Amino acid sequence: MNKIIVTGVWGQIGSAIVDLLTEAGNYVIGLDIKSDGKTSRTDLFEFHQIDITDQIRVREFYSQLTLQHPQIDGLVNNAGTAVFTKFENRSEDEIMNVIRLNMMAPIFMSQKFLSVAKGNYKSSIVNIGSIYGVTAPDQKIYSDTPRNSSEIYGMTKAAIINLTQYLAVYLSDRKIRCNCVSPGGILFQQGEEFVEAYSKKVPLGRMGSEREVAAAVCFLLDEKKSSYVNGANLMVDGGFTAWR
């Protein structure tokens, strides 16, 4: 039974990752800054409420974790945030909030993961990027969906892709793989106009689901299935970035 740390477990994609991992018989150690009260939804899941942007708190978490779980097979840096105000009005607080969770937290989590990783290519890190880490959003399609992607979100996701490549090389001596999954648009209560406009930009003609993203994460965590995949940025976007 593999043991996997997943951050941001109460979000749309995080919940799907937990579900698929536990369905496959993995033990998930879930982290989130908030608790939804479901701290024991399965015997294969344990929850820790923690602010992973706090480096000291992350260190304390790992120190406590080693008492019960001295070796961990995987880390999924899934937690993330975005901001939706206009670019012209972007504040320093908004910028730093996105940077802290999307960039700093994955570094903190990955640093201390080394203390519990098994190595021997049995352990791996999977980061969550975005299509907007490699291309710019089309602002015109957000007609009835005000959650238009921001410049700072794309910047941080581009950084995560680069961090993935860095760690894939840096951790090679420790025999730890590192890969990234970059989702395209995931269907979640968006307006009909947006869904239609976005889907027209996708060769498969639709938006994706959180379970499709989670399946890619599970693939990269599986040493038997992805043993020669390292430093990759797996686009789970229905082909959105293939013709841009």
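Scroll up to find the structure.
These numbers come from a predicted model, not from an experiment.

1. Considering the packing of helix 3 (residues 92-113) against helix 4 (residues 151-170)
So, point 1. It is the contact of helix 3 with helix 4, at a shortest axis distance of 9 Å, that shows an interaxial angle of 15°. Between helix 3 and helix 4, the interaxial angle falls into the category roughly parallel. Of the two possible hands of crossing, helix 3 and helix 4 adopt the one that is right-handed. Every residue of helix 4 that contacts helix 3 at Ile95, Val98, Ile99, Asn102, Met103, Pro106, Ile107 and Ser110 is listed here: Ile152, Tyr153, Thr156, Lys157, Ala159, Ile160, Leu163 and Leu167.

2. Some words on empty space enclosed by the protein
So, point 1. Overall, the coordinates contain one cavity of 30 Å³ or more when judged by the stated rule.
So, point 2. Quantified by volume, the largest cavity comes out at close to 30 Å³.
So, point 3. Lining the largest cavity are Asn77, Ala79, Asn102, Pro106, Asn127, Ile128, Lys157 and Ile160.
So, point 4. Mapped by element, the contributors of at least two residues to the lining of the largest cavity are helix 3, strand 5 (123-128) and helix 4.
So, point 5. Per-class residue counts for the lining of the largest cavity are four nonpolar, three polar and one charged.

3. Considering helix 2 (residues 55-68)
So, point 1. The terminal C-alpha atoms of helix 2, which comprises 14 residues, lie 21 Å apart, in line with the 20 Å expected from a rise of 1.5 Å per residue.
So, point 2. Where helix 2 is concerned, the buried positions are Val58, Phe61, Tyr62 and Leu65. One side of helix 2 holds all its buried residues, which, seen down the axis, span an arc of 95°. Set apart from the buried face of helix 2 by more than 90 degrees, the exposed residues are Ile56 and Leu67.

4. With respect to the sheet that holds strand 6 (residues 176-183)
So, point 1. The parallel open sheet is built from seven strands, whose spatial order is 3-2-1-4-5-6-7. Each edge of the sheet is formed by a strand with only one pairing partner; in this case those strands are strand 3 (45-49) and strand 7 (233-236). Taken pair by pair, the neighbouring strands of this sheet meet at an average axis angle of 20°, ignoring direction.
So, point 2. For strand 1 (residues 3-7) and strand 2 (residues 27-32), the ladder comprises five bridges, and the chain directions are parallel. Looking across to strand 2, one finds that Lys3 is bridged to Tyr27.
So, point 3. Those strands touched by helix 4 are strand 5, strand 6 and strand 7, and its axis lies near 160° from that of strand 6.
So, point 4. Each of strand 1, strand 4 (74-77), strand 5, strand 6 and strand 7 touches helix 6 (residues 210-221); the most contacted strand, strand 6, lies at about 170° to it.

5. Description of the pairing of strand 2
So, point 1. For strand 2, the buried fraction is high: six of the six residues fall into the buried class.
So, point 2. Following the chain from strand 1 across helix 1 (residues 12-23) to the adjacent parallel strand 2, one finds a crossover that is right-handed.
So, point 3. Sheet topology note: the strand 2/strand 3 ladder contains five bridges and is parallel. Bridge assignment links Val28 to a residue of strand 3, and that residue is Phe45.

6. What about the environment of Phe61?
So, point 1. For Phe61, the position within the fold is in helix 2.
So, point 2. Setting aside anything within four residues of it in sequence, one finds Phe61 in contact with Ile5, Ile29, Leu31, His48 and Ile50.

7. Digging into the environment of Val217
So, point 1. Mapped onto the elements, Val217 comes out in helix 6.
So, point 2. It is 22 Å that separates the C-alpha atoms of Val217 and Tyr62, two residues lying 155 residues apart in sequence.
So, point 3. If we skip the residues at most four places from it in the chain, Val217 touches Ile17, Val76, Val126, Ile128 and Val181.

8. Thoughts on the packing of aromatic side chains
So, point 1. In total, this model carries seven aromatic pairs according to the counting rule given.
So, point 2. Note on Trp10 and Phe47: the rings are 5.0 Å apart at their centroids and 45° apart in plane angle, and the pair reads as tilted. Remark: Phe47 occurs in strand 3 and Trp10 occurs in the loop between strand 1 and helix 1; sequence separation between them is 37 residues. Residue Trp10 shares its accessibility class with Phe47, and that shared class is buried.
So, point 3. Ring centres of Tyr142 and Phe194 lie 5.0 Å apart, and the angle between their planes is 35°; on these two criteria the pair is classed as tilted. Taken together, the residues span a long stretch of sequence, with Tyr142 in the loop between strand 5 and helix 4 and Phe194 in helix 5 (residues 192-199) at a distance of 52 residues.
So, point 4. Since its relative accessible area comes to 12%, Tyr142 is described here as buried.
So, point 5. With relative accessibility at 5%, the residue Phe194 sits in the buried group.

Parameters and conventions
- Residues numbered from 1 in each chain as written.
- Predicted model: local features only at pLDDT ≥ 70, side-chain atom pairs only at ≥ 80, totals over all residues.
- Heavy atoms only, no water.
- Axes fitted to C-alpha atoms, helices over the stretch in contact; angles between N-to-C directions.
- Helix = DSSP H or I, 4+ residues; strand = E, 2+ residues; numbered from the N terminus.
- Parallel < 35°, antiparallel > 145°, perpendicular 65-115°, else oblique.
- Left-handed = near helix turned anticlockwise from the far one by under 90°.
- Contact = heavy atoms within 4.5 Å.
- 1 Å grid on protein atoms, 1.4 Å probe; cavity = no way out; pocket = protein on both sides within 12 Å on 5 of 7 lines; lining within 4 Å.
- Points joined across faces, edges and corners; volume = space filled by probe spheres on them.
- Nonpolar A, V, L, I, M, F, W, Y, C, P; charged D, E, K, R; others polar.
- Expected span 1.5 Å × (residues − 1).
- Buried < 20%, exposed > 50% of the residue type's maximum accessible area, 1.4 Å probe, protein only.
- Arc of directions from axis to C-beta.
- Pairing = 2+ DSSP bridges.
- Right-handed = clockwise from strand over helix to strand, strands pointing away.
- Phe/Tyr/Trp six-rings, centres within 6.5 Å; stacked < 30°, edge-to-face > 60°.

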